[in-house]
Amino acid sequence: MQSVLKMELKKAFANKLFLCALCLSAAIAVYSAVFCIHAYHTFGQMDMNSAQITGYALNPELPGTSLFTQWIGKEFISPASSLFYLLMPLLAALGYGWSYCNERKSGYIKSIVTRTPRKNYFLSKYIAVFLSGGAVVTIPILLNIMLVAAFVPAIQPDVFYDVYYGAHPWSTLTPLFYAHPFGYMLLKTAATFVFAGLIATLSLTVTFFNKNVFVVTLTPLFFLLLINYISNSLSNAPEISPIQFLHSGKVYVSLGVVLCEAILLFVVSFAVTVLRGKKNDIF
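Residues numbered from 1 in each chain as written. Predicted model: local features only at pLDDT ≥ 70, side-chain atom pairs only at ≥ 80, totals over all residues. Heavy atoms only, no water.

*Asks:* I keep staring at the overall build of the chain and nothing clicks. Help me out?
*Replies:* Across its full length, the chain carries 13 helices and zero strands. Helices and strands appear in the chain in the N-to-C order α-α-α-α-α-α-α-α-α-α-α-α-α. Seen through its principal axes, the chain has C-alpha atoms that stretch 80 × 40 × 30 Å. Looking at the chain residue by residue over its 283 residues, the buried ones come to 47%. (Helix = DSSP H or I, 4+ residues; strand = E, 2+ residues; numbered from the N terminus. Buried < 20%, exposed > 50% of the residue type's maximum accessible area, 1.4 Å probe, protein only.)

*Asks:* Sorry if this is basic, but what is going on with helix α10 (residues 181-207) here?
*Replies:* Think of an α-helix as turning once every 3.6 residues; residues three or four places apart then point the same way. Under the 1.5 Å per step criterion, the end-to-end length of α10 is 40 Å for 27 residues, consistent within 8% with the ideal 39 Å. Burial analysis of α10 places 19 of its 27 residues in the buried class, which makes it a mostly covered element. (Expected span 1.5 Å × (residues − 1).)

*Asks:* I'm lost on the side chain of Thr138 in this one. Help?
*Replies:* Within the secondary structure, Thr138 sits in helix α7 (residues 118-151). A relative accessible area of 9% places Thr138 in the buried class. Not counting residues up to four positions away in its chain, the partners in contact with Thr138 are Thr189, Thr192 and Phe193. (Contact = heavy atoms within 4.5 Å.)

*Asks:* I tried to follow the packing of helix α5 (residues 99-106) against α7 on my own but got confused; where do I start?
*Replies:* Relative to each other, α5 and α7 sit at 140°, their axes nearing to 11 Å. For the element pair α5 / α7, the angle class is oblique. Along the contact surface, α5 presents Ser99, Tyr100 and Glu103, while α7 presents Tyr121, Phe122, Lys125 and Val129. Here the contact of α5 with α7 is composed, by residue class, of four nonpolar, one polar and two charged. (Axes fitted to C-alpha atoms, helices over the stretch in contact; angles between N-to-C directions. Parallel < 35°, antiparallel > 145°, perpendicular 65-115°, else oblique. Nonpolar A, V, L, I, M, F, W, Y, C, P; charged D, E, K, R; others polar.)

*Asks:* Before we go on, may I ask you to explain the pattern of salt bridges in this structure?
*Replies:* Side-chain pairs of opposite charge can arise whenever the charged atoms involved come near each other. If you walk through the whole model with that rule in mind, you get four salt bridges. Salt-bridge contacts for Glu8 lead to Lys11; the nearest nitrogen and oxygen are separated by 3.2 Å. Of this pair, Glu8 and Lys11 both sit in helix α1 (residues 2-14), three residues apart, which is roughly one turn of that helix. Here the salt bridges share partners, and the residues they tie into one network are Glu8, Lys11, Glu103 and Lys125. (Salt bridge = Lys/Arg side-chain N within 4 Å of Asp/Glu carboxyl O.)

*Asks:* Looking at this structure, I do not really get the nonpolar core. What am I missing?
*Replies:* Across soluble globular proteins, nonpolar side chains have a tendency to be buried as a group. In this structure, Ile72, Phe84, Tyr100, Val137, Ile141 and Phe195 are the most contacted members of the largest nonpolar core, which totals 62 residues. At 12 residues, the largest contribution of residues to this core is made by α7. Beyond its immediate chain neighbours, meaning those up to four positions away, Ile72 contacts Ala29, Ser32, Ser81, Phe84, Tyr85, Ile141, Asn144 and His247. (Core = buried A, V, L, I, M, F, W, Y, C linked by side-chain atoms within 4.5 Å.)

*Asks:* Any chance you could explain the packing of helix α4 (residues 79-96) against helix α11 (residues 213-233) here in plain terms?
*Replies:* For any two helices packed against each other, the geometry is given by the interaxial angle and the distance between the axes. Look at α4 against α11: their axes get within 8 Å of each other, and the N-to-C directions meet at 155°. If you check the angle between α4 and α11, you find them roughly antiparallel. Two packed elements cross with a definite hand, and for α4 against α11 that hand is right-handed. Counting all contacts with α4, which are made through Leu86, Pro89, Leu90, Ala93 and Leu94, the residues of α11 involved are Thr217, Leu218, Pro220, Leu221, Leu224 and Leu225. Here the residues of the contact of α4 with α11 sort into 10 nonpolar, one polar and no charged. (Left-handed = near helix turned anticlockwise from the far one by under 90°.)

*Asks:* Would you explain a nonpolar patch on the surface in this entry?
*Replies:* Among the surface-exposed residues, Leu83, Leu86, Phe214, Leu218, Phe222 and Leu225 lie close enough to one another that they form a single nonpolar patch of about 550 Å² accessible area. Counting residues per element, the ones that place at least two in the nonpolar patch are α4 and α11. The leading source of residues in the nonpolar patch is α11, at four residues. Inspection of the secondary structure assignment puts Leu83 in helix α4. (Patch = residues over 30% accessible without salt bridge, like charges linked within 9 Å, V, L, I, M, F, W, Y side chains within 5 Å. Areas by Shrake-Rupley, 256 points an atom, 1.4 Å probe, with all protein chains shown as cover.)

*Asks:* Sorry if this is basic, but what is going on with α1 here?
*Replies:* Taking 1.5 Å per residue as the helical rise, α1 with its 13 residues ought to reach 18 Å, and the 18 Å between its terminal C-alpha atoms agrees with that figure. Restricting attention to buried positions, one finds in α1 the residues Val4, Glu8 and Ala12. Buried residues of α1, seen end-on, are gathered within an arc of 65° and therefore sit on one face of the element. Those residues of α1 that are exposed and aimed more than 90 degrees away from the buried face are Gln2, Ser3, Lys6, Lys10 and Ala14. (Arc of directions from axis to C-beta.)

*Asks:* It is not clear to me how the packing of aromatic side chains should be interpreted in this structure. Could you clarify?
*Replies:* Any aromatic ring pair is given by two values, namely how distant the centres are and how the planes are angled relative to each other. Tallied over the full model, the rule gives 19 aromatic pairs. Taking the centre distance of 5.3 Å and the plane angle of 75° together, the rings of Phe84 and Tyr85 count as edge-to-face. Residue class for Tyr85 comes out buried when judged on its relative accessible area of 1%. Within the aromatic cluster, the residues linked to one another by ring pairs are Tyr100, Tyr121, Phe122 and Phe208. Cation over ring: Lys74 sits above Phe177, and NZ or CZ is 4.6 Å from the ring centre. (Phe/Tyr/Trp six-rings, centres within 6.5 Å; stacked < 30°, edge-to-face > 60°. Lys NZ or Arg CZ within 6 Å of the ring centre and 35° of its normal.)

See below:
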């Protein structure tokens, strides 16, 4: 099991598509950081120039624009942040979600299952797909946070500046955002890692029903877009779209709904991978 897992992880994190997806997501995250850093310092300079001209210093409203509002998981001023979470399902699947489809077509899997139990192969494949999908999305988020933190101060959020935060008053994590903003960032980043990994495993699941690599890779994106459309059609209900609740603070997020979705995605993807993997005809 360990040797198979080690081999799968090596293939997952060293393949060209993973590196391309990582570079693309990192480029979007860096653009978001540069945009927000530039906007922060531009507005600060405008306030200083206004004070020099009028002789009156305006309230800089520092808690309204800080690291906690300018990182990619919270900011809304650049187009990059919305694009990043919109493309998240595709980027996660590109990491390694397509691999089983290619290995079935090439016949590579036949040589593997003759040397190790199927259970070991499919369990290792599932873990590698999950970790690669989470990494290809989360690493750029951490890069974005570090870049923004180097130029924008981390000022404790203040409830009197709530108009800047877009924090829904009924959302489960809103109190955490005000009390422990670093914990809020960490929790949202961890949740993004988990969902990106689970979304990537959907590609693995689809492979058992379709052998077209484009269908396998694009299915998570279209599935998440469908969920997003359904969510937008609902009113006065907790957000069910990962594209929205992993990014936006403006929506009503229920921790129970998020956990249920994560568990459902895991149960479906894991059960199909293990159960169908044992029975699937590969010869």
